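# A look at the structure
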Amino acid sequence: GSPSTSTDAPPAGRSTGASGGPVAGTVTVLAAASLTESFDAIQAELHHTHPALTVRISYGSSATLVQQVNQGAPADVLALAGEAAADPLDASLVRSTTVFASNSLEIAVPPGNPGHVTALDDLARPDLKVVLCESTVPCGAAAATTLEKAHVNAHVVSREIDVKATLAKVSLGEADAAVVYHSDVVAAKGAVRGVPIPASVNTDLRYPVIALDDQPGTRAFIDAVLSPDGRRTLDALGFGAP
Amino acid sequence: MTWRSRLGLGGPAAVAVLVLVLPLVALLLRADWGRVLGDITGGTGVLALRLSLVTTFSTALGCLVLGTPLAWLLARSDGLVTRWLRAVLTVPLVLPPVVGGVALLMTWGRRGIVGQHLTAFGVEIPFTTVAVVIAETFVAMPYYVLAVEGAMRGLDPRLESIARTLGASDLRYLRTVALPLVVPGIASGLALAWARALGEFGATITFAGNLVGTTQTAPLAVYVALQQDPAAATSLSILLLGVSVVVLGLLRGRWVR
Amino acid sequence: MTWRSRLGLGGPAAVAVLVLVLPLVALLLRADWGRVLGDITGGTGVLALRLSLVTTFSTALGCLVLGTPLAWLLARSDGLVTRWLRAVLTVPLVLPPVVGGVALLMTWGRRGIVGQHLTAFGVEIPFTTVAVVIAETFVAMPYYVLAVEGAMRGLDPRLESIARTLGASDLRYLRTVALPLVVPGIASGLALAWARALGEFGATITFAGNLVGTTQTAPLAVYVALQQDPAAATSLSILLLGVSVVVLGLLRGRWVR
Amino acid sequence: MSDRGLDARIGLSRGRLRLDVSLTAQRGEVLGILGPNGGGKTSTVLALAGVLPLAAGEVVVSGSTWEKAGTRRLPEQRRVGLMLADALLFPHLRALDNVAYGPRSRGVPAKPARVRARAELHRVGLAEHADARPAQLSSGQAARVALARALATDPDLLLLDEPLSALDPETRARTRTDLARRLADYDGVTVLVTHDPLDALTLADRLVFVEGGTVSQVGTPAEVLREPRTPYVATIVGLNLYAAQSDSRGSLTLAGGGLLVTADPTPGEVWATVSPHAVVLHHDRPEGSARNAWPMRVSDVTLQGQSARVSLTGPLELIAEVTLASVAALDIRAGRELWASVKATEVFAYPR
Amino acid sequence: MSDRGLDARIGLSRGRLRLDVSLTAQRGEVLGILGPNGGGKTSTVLALAGVLPLAAGEVVVSGSTWEKAGTRRLPEQRRVGLMLADALLFPHLRALDNVAYGPRSRGVPAKPARVRARAELHRVGLAEHADARPAQLSSGQAARVALARALATDPDLLLLDEPLSALDPETRARTRTDLARRLADYDGVTVLVTHDPLDALTLADRLVFVEGGTVSQVGTPAEVLREPRTPYVATIVGLNLYAAQSDSRGSLTLAGGGLLVTADPTPGEVWATVSPHAVVLHHDRPEGSARNAWPMRVSDVTLQGQSARVSLTGPLELIAEVTLASVAALDIRAGRELWASVKATEVFAYPR
Ligand SMILES: Nc1ncnc2c1ncn2[C@@H]1O[C@H](COP(=O)(O)OP(=O)(O)OP(=O)(O)O)[C@@H](O)[C@H]1O
Ligand SMILES: Nc1ncnc2c1ncn2[C@@H]1O[C@H](COP(=O)(O)OP(=O)(O)OP(=O)(O)O)[C@@H](O)[C@H]1O
Ligand code: MOO
Ligand SMILES: [Mg+2]
Ligand SMILES: [Mg+2]
């Protein structure tokens, strides 16, 4: 897809980032846990272009981040896993919203694949322990959609609170399979193996980055996410184009 | 009480009360009271609460049965082993609950140091209600043991001398004198441990998972609801608080001064 | 001790020890010892540990200064207010920490019942180190207050009669007799509260966020690492345990029998 | 009124006991309180100290009102010294600091407070134990430290609840003498609860007997020794006591059975006393002037110092005190039958 | 050997005290232990009970070895009854259940145990308090329940550590008589620690004085009354005691100064005693046969029952016991100067 804005503000970053010089100050970013590796890398890049800009990133589950913002946490940027996660967000706090990446689902299995999972249908086997994200979490909602499309009634033993916890159950070998994001399988660096889900039943998530104010640092950070360097970083870690 | 002591003590005490009570007040103020009843009775809230009560009372029982002898043995010896054991017992207090959950998986899980042998017999603990009880016991028992040990150390040692010369073995002394006398300590230890178990979240979700009716305790249900529907989460929290205040009130009213 | 009592008590006590200690053993067994030192000294681990020490000792100090007077007032009265206050104090034990974090936001956040007035003066608490201390105090102080109150109730009331007739006001009695005599209770209350604060996760991440160097305490760092690099998380957990055993060992060795 | 040291009426309930005791004393006076267990002695003392609140009555000491309907001074606002039967030393303080605690609490600087404390410890013979912790003291040593502590604040009202009960006889004798000397110098009121008649008789100026929550007898030791009015008091002073009906010729019909003749008639309801020393024992029926003589059986013999106490039953119950020589001569032992006589001049009767 | 009830040597350290005490008793005998505070009486009792372990020595009771180098019976394996100075009732049990605790622990079924307990409570005069909790009892009542509890198990060795010290005189007299009767029936050994000479002299068959951790004197009450060998023992038995050097004619040079003449010479190092009753007081220098006469000054007068004890200082320290009549006649009061005389036949000397 293409960048989309859901508010009146114009796509914030590009112009400012291109025109302005180095920015100083502090920017506080709340980011979904699945973005940990990518945003850490982007933060490092940003330090080269804006050495005087202090970036503070707090990672958590998307739903918690939204709660924090609603309850008045002093944040400048909010990056969420899936647009649906932003639904509970108090709209009056939002300056601009830009989708900067996408992610698709994949089956994660422990190395060696002890459950011999080869396709989505296998998840219905009663001898298999399947974990999913809780349906309130973006990855859980997506997994539900996909399983429904494929008419698979998965043998679920637990619905985890976020995608990382879901993945951990597989990497520890406690569960035989989990439905997670492709980016998470990449980030797990061999701790789990991926079993692809056909595009016909797969569900894509679009990750929005939300500006909560108009400070220069806010714009500088969002620009860095949207910049070609940022794009490359996200690509390398398994995220798709927005 | 004189004015000086009212100010000198009342001031800090009032601050302490505010720090503890204001957040509860905020929770109650922000609750959507029109919805509370519906939130509680509808949905998974009731199931979660029932599971919480079952598991926390099992945990309390486990503490009573396993923790009381341990507290007794700790209270009666002062050797190096005892001191180290007591230090090690406080470790589960310090362990971040999520790490505790991971450690429990490493122990009782499919590949855990104990669990791998259980798996051979077809016993798998994670993702079961038993796992919830184990997780809750792991985090709650230290509170119980420490409270009861303290109470037992407060007993006059001469009472034991008297009981022993009257013909009571140490077990009989424990049963007929020491335990009845530390009932207040046991009650407050149980209250602490039960409360800690009732609020347990991280270790449970990590070790036992989160499945409605089997392993989704009230705190997990609250957390899930919080992500989608904060008002429902608040309602459920208020119910949880109500239950705990009633249970602790009964326990304390009966046994604790 | 007779054989009967060794078996009767030793059996359950051994089970209790196993339940508590096996997970720690598993954690140590599964650690990648070749990496532990590197994991601890490199990266954000040191920062997080320093922050944890600063905030937990601040919390302990807060408990001492605010919680001791509260415990004293609770120990000395048995009115209805006291009973209710005591029941309410146990509520933070029961509140799932994440809900506690939300309640703290509702209190001290920009739109909170207190925070909105603070914002007018340019004071914002969430996402600061102060918020970490508030969150830790909220979850840890009840343990302190309950432990110290119990110790204070154990004092012989006639000691106060004597001290008062000797001319000591109640404040002076508190300072010169009651406090010195409950030092063991205070020490174990502090140990409990400090340990609970050190492991605090849910309320902190919700109320204070997860900012490296400012609000990312050791348990948060462990949590983050757990997702990326479980071995590093284990290393950090082991460090956390080591620190806590040393601190608790010192505290107990010095003050507790 | 101004030389009244203590003017108190203590009304309160304690468990099943309803206490109503009036106490008055001049300054410098020592008031001994005696009575059976559970009679309310300790409760009285605690009420005077301000530890137990009054339900009724008042406490006035040296002209200032410590307690009265509605108003109540706190213990630390009363110039009072308290020592209970248990030593109740502050276990974390050395003996010296226990004793210095009072002066320190009343504003004396550390140094003079310690000097004073050391002097008080010296007076109870514990100078060399000044640095001992309470746990290192025997019960008797602890009691002496507690005594020193109570004496170190020069209170207007000194309350001693069985202060000597844990002391061994030698120490007790020494401490009793020291206490007597100390109390002689002292111009406040002392209330001394004791079970030991010797303490009471030697230390107290006036005795108050509290039985079942009320005062059963008050008087100087001499009055009480002469005319006990309850069986309890008679036991304390070591007399045989009988409730009797006297006719005008001095013939007494005892309430418990038996007859007694006195040389000094007091018609009506009387108490009659017989000193154990006045009882003479004989093998056979005595001849001569003794108008009271009964055949008796020995129920018990106990040695007391250099003499023996012989308990006798017969027409009346009687205790005799005789020399060890008599015991040997008469072969006195439990079960022995013999005669006891008392001269009518040794039987004292006074109105009930 | 088979009728030996107790054969023990207690060697242990307690704080700064090194205790080394040997005790032997026949079955049925009552051993009274007396001594100053901190002397080690309670420690001895605790060692016999098996609560304090021995460092050296052994304990043999009724022929069975309770403790010996390396082997040690637990307290519950010894047939022992223990009552400490504090009542130490089990606070959660009614008085009746406190007393029944021993029989129950030794296997008696609930019903007979209660019957027995009720009987024991009756014997200490507390039948109507059977249902009271310890907190509802006065200290004296509690002590009596503790006594009943210790007596309810018919032990081979009964250890009583100041059992009567919390009782009021009336109850104490009653309980003492009851205890004496009880102990007469009892065929085990009783070890009775007491500060009260009256308890010791009336209840004990033999007395053991423990001072500073060692035995300072052993003997029957009569022997001890006649020949005390330490100042402490002399105080207990109420005699004036002097260490002296005697020549062959009965002239004694006292170690503390002064001269004394006895009618019954025992040359060498001796103890000399004078009974307070044997001291006669005079206004002026006495004429006649009394070979011991000194000008003295009264330092203290105390009433004791119907007589007075007068403490005198002069060439020697002397206590006299005189009637109240003499006190009035001679106007005896502290500070008064007068003469004291003792007949040489009243001065007893025996080797040190
Ligand atoms: N804490 C208490 N609560 C209720 N009742 C009590 C309490 N303490 C004592 N009593 C009761 O009060 C009454 C008076 O007790 P108090 O201690 O004043 O007697 P006492 O004359 O000092 O006796 P003793 O000679 O045994 O010391 C007793 O009947 C006792 O049972
Ligand atoms: N728990 C203890 N630890 C160390 N020393 C102790 C302890 N209890 C007593 N002592 C010391 O042991 C010595 C003997 O004490 P013990 O109680 O046996 O004396 P006692 O003869 O019973 O004295 P009292 O007449 O005062 O009861 C004392 O010097 C005392 O200071
Ligand atoms: O990255 Mo999420 O918010 O755990 O799905
Ligand atoms: Mg009393
Ligand atoms: Mg003793």
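No experiment lies behind these values; they were computed from the predicted model shown.

On to the site of ligand 2, then. The environment of ligand 2 is formed by 18 residues, the closest being Q136 of chain D together with G38, K41, T42 and S43 of chain E. Of the chains in the model, those with residues near ligand 2 are chains D and E. In this structure, R14 of chain E approaches ligand 2 through a side-chain N or O atom, which is 3.2 Å from a nitrogen atom. Between ligand 2 and G39 of chain E there is a distance of 3.2 Å, counted from an oxygen atom to a backbone nitrogen or oxygen. Protein chains bury 79% of the 640 Å² of accessible surface belonging to ligand 2 in isolation. Elements represented by at least two residues in the shell around ligand 2 include exactly α4 (139-151) of chain D together with α1 (41-49) of chain E. In terms of residue count, α1 of chain E provides more of the shell around ligand 2 than any other element does, three residues in total. Here the shell around ligand 2 is built from residues that sort into three nonpolar, 12 polar and three charged.

Turning our eyes to something else, we now look at the interface of chain B and chain C. It is common to give the size of an interface as the accessible area lost on bringing the parts into contact. Taken together, the 87 residues of chain B in the interface contact 86 residues of chain C. Roughly 7,700 Å² of surface becomes buried between chain B and chain C when both sides are summed, with 80% attributable to carbon and sulfur atoms. Linking chain B with chain C are two residue pairs in polar contact (both at pLDDT 80 or more). Considering each element in turn, the side of chain B that touches chain C owes the most residues, 20 residues, to helix α1 (residues 3-30) of chain B.

Moving on to the side chain of R149 of chain E. Here R149 of chain E lies in helix α4 (residues 139-151). Leave out the neighbours within four places in its chain, and R149 of chain E touches I162 and L166 of chain B together with A87, L88, L89, F90, N98 and V99 of chain E.

Turning our eyes to something else, we now look at the site of ligand 3. All names here are of chain A. Neighbouring residues of ligand 3: A32, A33, S34, S61, S62, A81, V137, P138, D162, V163 and Y181. Here S34 contributes a side-chain N or O atom positioned 2.9 Å from an oxygen atom of ligand 3. Here the shell around ligand 3 is built from residues that sort into seven nonpolar, three polar and one charged.

What follows covers the nonpolar core. Core analysis: the largest hydrophobic core is formed by 258 residues, its most contacted members being L6 of chain D together with L6 of chain E. Excluding its chain neighbours within four sequence positions, the residues that come into contact with L6 of chain E are L23, T24, A25, L31, L48, V60, V61, L157, V189 and V191 of chain E. In this structure, I57, A101, V170 and V180 of chain A belong to the second largest nonpolar core, which totals 68 residues.

Residue and element names in this part refer to chain A. Spatial ordering of the open sheet is given by β2-β1-β3-β10-β4, a layout of five strands whose pairing is mixed. Strands at the two margins of the open sheet, each flanked by one partner only, are β2 (53-60) and β4 (96-103). Ignoring which end each strand starts from, the neighbouring axes of this sheet average 20° apart. Where strand β1 (residues 25-32) and strand β3 (residues 77-79) come together, three bridges link them in parallel fashion.

You can see G140 of chain D is positioned in helix α4. Spatially, the C-alpha atom of G140 of chain D lies 8.7 Å from that of L164 of chain D, the residues being 24 residues apart in sequence.

Further remarks concern the arrangement of the chains. Summarising the chain contacts, eight pairs of chains touch, and the pair with the most contacts is chains B and C. Spatially, chain A and chain E are disjoint, and the shortest separation between their C-alpha atoms is 49 Å.

Moving on, we get to the state of the cysteines. Residues and elements named next belong to chain A. Applying the stated criterion across every chain yields a total of one disulfide over all chains. Between the sulfur atoms of C133 and its disulfide mate C139 the distance is 1.8 Å. Here the disulfide of C133 and C139 is left-handed, its torsion about the S-S bond being about -100°. A single burial state applies to C133 and to C139, both of which are buried.

Turning our attention to the UniProt feature "transmembrane region" (unreviewed entry) in chain B. Residue and element names in this part refer to chain B. Here, the residues flagged by UniProt with the feature "transmembrane region" (unreviewed entry) are residues 7-29, 49-75, 87-109, 129-152, 173-195 and 231-251. Across residues 49-75, the secondary structure splits into 100% helix and 0% strand, with the terminal C-alpha atoms separated by 36 Å. What you have in residues 87-109 is 83% helix and 0% strand, and the ends, taken at the C-alpha atoms, are 26 Å apart.

With that out of the way, let us pick up the pattern of salt bridges. The tally for this structure, following the rule as stated, stands at 55 salt bridges over all chains. Residue R110 of chain C pairs with E124 of chain C through a salt bridge whose shortest N-O separation is 3.0 Å. Taken together, the residues R110 of chain C in the loop between α6 (97-108) and α7 (115-120) and E124 of chain C in the loop between α7 and α8 (129-153) connect sequence positions 14 residues apart. Of the residues examined, E124 of chain C reaches a relative accessible area of 30% and is grouped as partly exposed. It is possible to trace a salt-bridge network through shared partners that takes in K129 and D176 of chain A together with R110 and E124 of chain B.

Here we come to helix α13 (residues 218-228) of chain B. Along an α-helix, residues three or four positions apart point the same way, because every turn accommodates 3.6 residues. Burial within α13 of chain B is extensive, with 10 of its 11 residues counted as buried. Those residues of α13 of chain B not exposed but buried are A218, P219, L220, A221, V222, Y223, V224, A225, L226 and Q227 of chain B.

When chain B is brought onto chain C, the operation consists of a screw motion whose angular component is 180° and whose axial shift is 0.1 Å, with 0.1 Å RMSD remaining. Such values leave the two copies arranged in the relation of a two-fold axis. Of the residues that chain B buries at the interface, 99% are likewise interface residues in chain C, meaning the two copies contact each other through the same surface.

Attention shifts here to the UniProt feature "domain: ABC transmembrane type-1" (unreviewed entry) in chain B. Residues annotated by UniProt as "domain: ABC transmembrane type-1" (unreviewed entry) correspond here to residues 49-249 of chain B. The straight-line gap between the two end C-alpha atoms of residues 49-249 of chain B is 18 Å; of that span, 80% is helix and 0% is strand.

So, about the packing of helix α2 (residues 95-105) of chain D against α4 of chain D. All names here are of chain D. It is the contact of α2 with α4, at a shortest axis distance of 7 Å, that shows an interaxial angle of 25°. Regarding the angle of α2 to α4, the classification is roughly parallel. Crossing hand, α2 versus α4: right-handed. Packed against α2, whose contacting residues are A95, N98 and V99, the element α4 presents V145, A148 and R149 at the interface. Class assignment of the residues belonging to the contact of α2 with α4 gives a composition of four nonpolar, one polar and one charged.

Procedures and definitions
- Residues numbered from 1 in each chain as written.
- Chains lettered and ligands numbered in written order.
- Predicted model: local features only at pLDDT ≥ 70, side-chain atom pairs only at ≥ 80, totals over all residues.
- Heavy atoms only, no water.
- Near = heavy atom within 4 Å.
- Polar contact = N/O pair within 3.5 Å; in protein donor to acceptor, adjacent residues only side chain to side chain.
- Areas by Shrake-Rupley, 256 points an atom, 1.4 Å probe, with all protein chains shown as cover.
- Helix = DSSP H or I, 4+ residues; strand = E, 2+ residues; numbered from the N terminus.
- Nonpolar A, V, L, I, M, F, W, Y, C, P; charged D, E, K, R; others polar.
- Contact = heavy atoms within 4.5 Å.
- Buried area = accessible area lost by both parts, 1.4 Å probe.
- Core = buried A, V, L, I, M, F, W, Y, C linked by side-chain atoms within 4.5 Å.
- Buried < 20%, exposed > 50% of the residue type's maximum accessible area, 1.4 Å probe, protein only.
- Pairing = 2+ DSSP bridges.
- Axes fitted to C-alpha atoms, helices over the stretch in contact; angles between N-to-C directions.
- Disulfide = S-S within 2.5 Å.
- UniProt positions renumbered as here; feature names shortened; annotations may be inferred.
- Salt bridge = Lys/Arg side-chain N within 4 Å of Asp/Glu carboxyl O.
- Least-squares fit on C-alpha atoms with pLDDT ≥ 70 in both.
- Parallel < 35°, antiparallel > 145°, perpendicular 65-115°, else oblique.
- Left-handed = near helix turned anticlockwise from the far one by under 90°.

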